[in-house]
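# A structural walkthrough
Each chain, letter by letter, is given below.
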Amino acid sequence: MAEPQIFNRHNRTLAAYAIGFAVFLYVPILFIPLFSLNSGLYQRFPMDGITLGWYAQLFTRGPVFDALQNSLQVGLSVALLSTVLAVPAAKALSRAVLPGKRPITGFVMLPLVVPGLVFGVALLVVISRLGVPLSLYTVALGHVVVCLPFAISILLPRFEGANRSLEEASADLGENGWWTFWRVTFPNILPGVVASLLLTFTVSFDEFIMAFFLSGTDATLPMYIWTQLRFPQSFPSLLALSSLILVASFALVFLSLWFARMGRTDTSLVSR
Amino acid sequence: MISIRNVTKSFGRVQAVRDVSLQIRAGEFFSLLGASGSGKTTLLRMLAGFEAVTSGSIVIDGQAMESVPPHNRPINMVFQNYAIFPHLNVRDNIAYGLRRLNIPKPKQAEMVDEMLGLIALPGYGDRRANQLSGGQMQRVALARALILKPKVLLLDEPLGALDKQLREQMQLELRLLQQRLGITFVLVTHDQEEALTLSDRIAVMAQGAVVQVDTPTGLYERPQNRTVAAFIGTMNFFDAVVHRQGMPEVQVQGLGRRRLNGQDGGRPDGTAATVAIRPENLTLHSTQPGPGAVEGVVQAQQYLGGRQMLHVAIPGRTTPVAVAIQGPGDAFISSLSPGQNVWLTWKDDAVLLLDAG
Ligand SMILES: Nc1ncnc2c1ncn2[C@@H]1O[C@H](COP(=O)(O)OP(=O)(O)O)[C@@H](O)[C@H]1O
Ligand SMILES: [Mg+2]
């Protein structure tokens, strides 16, 4: 009974801290959609006027669509590949008997903390040593490395929350490991798989550093933005583009988190 | 049907099952009875193939099980928590094991309907698992296993989560079902009443080992040691010492010297032993009925529905002696109240001599 009281006492401080944190994090980002509506070429207050013209202008730029297509291609393949790779990895990591489980988990999660720059350079060195030409494939490869920890950390609680005796019941009713996976395990982790697909797609779609090092002649959207930053007259329409990406990313991440939580109480209902 | 030979199971340093040997016959309702932690579940899981034996062997229906994985064993199990698939409805749960058998869909539906009838849940086929009560989940788990017509059905405390009334109803249903289908049932339970009412034979387990295997009557009337006697029904225990000079006798705490009817098993002079008497084998008297009777004071009276239990304090003993009285009793019994003096007698052949401890 002592703990809730402690939490209550600090509730206001905590809430204030959380709000301050959110302001610090998101207010700068809010300037992007705000100035994307500014009719003037320069970003300053007071704003010159409100316009959707920069958004309209985006549609006249052919390279934007090429980049968008590239990003979608890379994003979809990365989402699929990293999720497919993460499912068996998370399954193995969730089983208590795996020797060296902790170091392996740490190793898999490493890309979350190692600077993208380091990984980008390292991959670039390896890839050029192997004589593989830089292309969207190499970008996708880099993105899979970045996305795997995200996919695993979404899937791992799914497996850990799963009721072990359901798989035993399946075996008991005559299904081998393969069929047990598809008939029992997979349906129970499915929301996690969807969440992982959405999140990894978003991470790949927004990723810049790996793309910077590993892309060839085809640019992803973030790369396109980077190359256009030099031209002041295109800056407002880049803000418009960024705003669109921002909204899409937020939506996808929220959707992903919703799926990640979905049905979690359901399965624990029947677990020990 | 099932032959368990010197099976031992260790988890690291913990020996969960020690050198268990059991023969379970075809068509038998066999129970593993023991306190929590006595190794019942572990033994059952070894039968199902979820745990490997550390040493010993298990033979089911003439086939050694050593290298047979769970999905290939001629056995099905009802799990302690039912393990109903939450993403499937009742119908698909019951039909789960049929996929592998290549049975045409219409036939499958027919079999499922038959099972729904058997477990008295017709019309529940489209319910989801989380719309079922505990008792209903238990029946679905049963149907899901029985539809595969296993040779042996394993049940791990299947009624443990149910309330008393439902539990007694399901006990009866289980017994009838088993007799109707003729399948071998192996039931795990810590509830002696459940084991006694359901089983053909019971193995009493303690600390991983089997202490005694017998019929319910056998366990009740001829417990081999104090552990079993204490576990099955109510029993009055008296510390005793064997005397063999002249007539074999025991010196019993609170009862004095008593003759033995040749049941001391040749225990040497001076051996510590335990004398056990069932509450229903004691008779109460208002006055001294003759030599050998023991005087005591009524301490408490307990009504248990159709019978009552009197607790009588006797000199030289800390725990009162329990005396069971069937039915309402005569005028003397109904006049009894705490503090009253009474006399106790018993027939000599109702006395059991067990090892001490
Ligand atoms: N997987 C396991 N790992 C370690 N110890 C276990 C495991 N399963 C059971 N045990 C131990 O084995 C003993 C018997 O357990 P169990 O078979 O579950 O008993 P019961 O079903 O009679 O309550 C207990 O001491 C328990 O802690
Ligand atoms: Mg148990």
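Note that the structure is a prediction, hence the values are computed from the model and not measured.

In this structure the tally under the stated criterion is 18 aromatic pairs over all chains. Summarising the aromatic geometry, the rings of Phe208 of chain A and Trp226 of chain A are spaced 5.5 Å apart at their centres and angled 55° between planes, so their arrangement reads as tilted. Here the residue Phe208 of chain A occupies a position in the loop between helix H9 (177-206) and helix H10 (209-214), and Trp226 of chain A occupies one in helix H11 (residues 221-228), the gap between them amounting to 18 residues. The class of Trp226 of chain A is partly exposed, set by a relative accessible area of 43%. A connected cluster of aromatic rings, assembled from ring pairs, spans Trp178, Phe181, Trp182 and Phe186 of chain A. One Lys or Arg, Arg278 of chain B, reaches over the ring of Tyr220 of chain B and ends 3.8 Å from the middle of that ring. The cationic tip of Arg317 of chain B hangs over the ring face of Phe238 of chain B; the distance from NZ or CZ to the ring centre is 4.2 Å.

Strand-to-strand pairing in sheets goes through backbone hydrogen bonds, with the strands running parallel or antiparallel. Residues and elements named next belong to chain B. Within the open sheet, the 5 strands sit side by side as S15-S19-S16-S17-S18. Their pairing is antiparallel. Each end of this open sheet is capped by a strand with a single partner; those strands are strand S15 (282-285) and strand S18 (321-326). For this sheet the average axis-to-axis angle between neighbouring strands, irrespective of direction, equals 45°. Here strand S17 (residues 307-313) runs beside S18; their pairing, made up of 6 bridges, is antiparallel. Bridged to Arg307 within S18 is Gln326.

Attention shifts here to the pattern of salt bridges. Pairs may arise between side chains of opposite charge once their charged atoms sit close together. Applying the stated criterion to the full structure yields 13 salt bridges over all chains. Between Lys164 of chain B and Glu168 of chain B there is a salt bridge, with its nearest N and O atoms 2.9 Å apart. Within this pair, Lys164 of chain B and its partner Glu168 of chain B are both found in helix H5 (residues 164-181), separated by 4 residues, close to a single helical turn. The class of Lys164 of chain B is exposed, set by a relative accessible area of 52%. Since its relative accessible area comes to 40%, Glu168 of chain B is described here as partly exposed. Here the salt bridges share partners, and the residues they tie into one network are Glu168 of chain A together with Arg45 and Glu51 of chain B.

Moving on, we come to the site of ligand 1. Residue and element names in this part refer to chain B. What surrounds ligand 1 is the set Phe11, Ala16, Ala35, Ser36, Gly37, Ser38, Gly39, Lys40, Thr41 and Thr42. Measuring from an oxygen atom of ligand 1, one finds a backbone N or O atom of Gly39 at 3.0 Å. Taking Thr41, its side chain carries an N or O atom lying 2.6 Å from an oxygen atom of ligand 1. Burial of ligand 1 by the protein chains amounts to 59% of its free accessible area of 560 Å². If one sorts the elements of the shell around ligand 1 by residue count, helix H1 (residues 40-48) sits on top with 3 residues. Residue composition of the shell around ligand 1, by class: 3 nonpolar, 6 polar and 1 charged.

Residues and elements named next belong to chain B. Read across the open sheet, the 4 strands follow the order S2-S1-S4-S5; overall the sheet is antiparallel. Each end of this open sheet is capped by a strand with a single partner; those strands are strand S2 (14-24) and strand S5 (63-64). Along the sheet face, H1 touches strand S1 (2-11), S2 and strand S4 (55-60) and points at about 120° away from the line of S1.

Structurally, Arg175 of chain B can be placed in helix H5. In this structure Arg175 of chain B touches Phe29, Leu198 and Asp200 of chain B, once residues within four positions along its chain are discounted.

What follows is about the interface of chain B and chain A. Taken together, the 24 residues of chain B in the interface contact 23 residues of chain A. Of the roughly 2200 Å² buried where chain B meets chain A, counting both sides, 57% is carbon and sulfur surface. In this structure, the connection of chain B to chain A is made through 2 salt bridges. Arg45 of chain B serves as the salt-bridge partner of Glu168 of chain A, at 2.8 Å between the closest nitrogen and oxygen. Remark: the boundary between chain B and chain A carries 10 residue pairs in polar contact (both at pLDDT 80 or more). Elements that contribute at least two residues to the side of chain B that touches chain A include exactly H1, strand S6 (75-78) and helix H4 (134-146) of chain B. Class assignment of the residues belonging to the side of chain B that touches chain A gives a composition of 14 nonpolar, 6 polar and 4 charged.

This part takes up the packing of H11 of chain A against helix H12 (residues 235-261) of chain A. Residue and element names in this part refer to chain A. Following both chains from N to C, one finds H11 and H12 inclined at 160°, their axes separated by 11 Å at the closest point. When the axis of H11 is compared with that of H12, the two are roughly antiparallel. Every pair of crossing elements has a handedness; the one defined by H11 and H12 is left-handed. Of H12, the residues touching H11 (which contributes Leu221, Tyr224, Ile225 and Gln228) are Leu238, Leu241, Ser242 and Ile245. Partitioned by chemical class, the residues of the contact of H11 with H12 number 6 nonpolar, 2 polar and no charged.

Residue and element names in this part refer to chain B. For Leu159, the location among the structural elements is in the loop between strand S7 (152-156) and H5. Spatially, the C-alpha atom of Leu159 lies 11 Å from that of Leu142, the residues being 17 residues apart in sequence. Once residues lying within four places of it in the same chain are set aside, the contact partners of Leu159 are Gln138, Arg167, Met170, Gln171, Leu174 and Glu194.

All names here are of chain B. Counted residue by residue, strand S3 (residues 29-34) has 6 buried out of 6 residues, so it is predominantly covered. Burial of S3 is two-sided: the residues Phe29, Ser31 and Leu33 facing one way and the residues Phe30, Leu32 and Gly34 facing the other way are all buried. For S3 and strand S8 (residues 184-189), the ladder comprises 5 bridges, and the chain directions are parallel. Across the sheet, the residue bridging to Ser31 is Leu187, located in S8. Inspection of the sheet shows S3 paired to strand S9 (residues 201-206) by 5 bridges, in the parallel sense. When the bridges of S9 are listed, Leu33 appears paired with Val204.

Conventions we followed
Residues numbered from 1 in each chain as written. Chains lettered and ligands numbered in written order. Predicted model: local features only at pLDDT ≥ 70, side-chain atom pairs only at ≥ 80, totals over all residues. Heavy atoms only, no water. Phe/Tyr/Trp six-rings, centres within 6.5 Å; stacked < 30°, edge-to-face > 60°. Helix = DSSP H or I, 4+ residues; strand = E, 2+ residues; numbered from the N terminus. Buried < 20%, exposed > 50% of the residue type's maximum accessible area, 1.4 Å probe, protein only. Lys NZ or Arg CZ within 6 Å of the ring centre and 35° of its normal. Pairing = 2+ DSSP bridges. Axes fitted to C-alpha atoms, helices over the stretch in contact; angles between N-to-C directions. Salt bridge = Lys/Arg side-chain N within 4 Å of Asp/Glu carboxyl O. Near = heavy atom within 4 Å. Polar contact = N/O pair within 3.5 Å; in protein donor to acceptor, adjacent residues only side chain to side chain. Areas by Shrake-Rupley, 256 points an atom, 1.4 Å probe, with all protein chains shown as cover. Nonpolar A, V, L, I, M, F, W, Y, C, P; charged D, E, K, R; others polar. Contact = heavy atoms within 4.5 Å. Buried area = accessible area lost by both parts, 1.4 Å probe. Parallel < 35°, antiparallel > 145°, perpendicular 65-115°, else oblique. Left-handed = near helix turned anticlockwise from the far one by under 90°.

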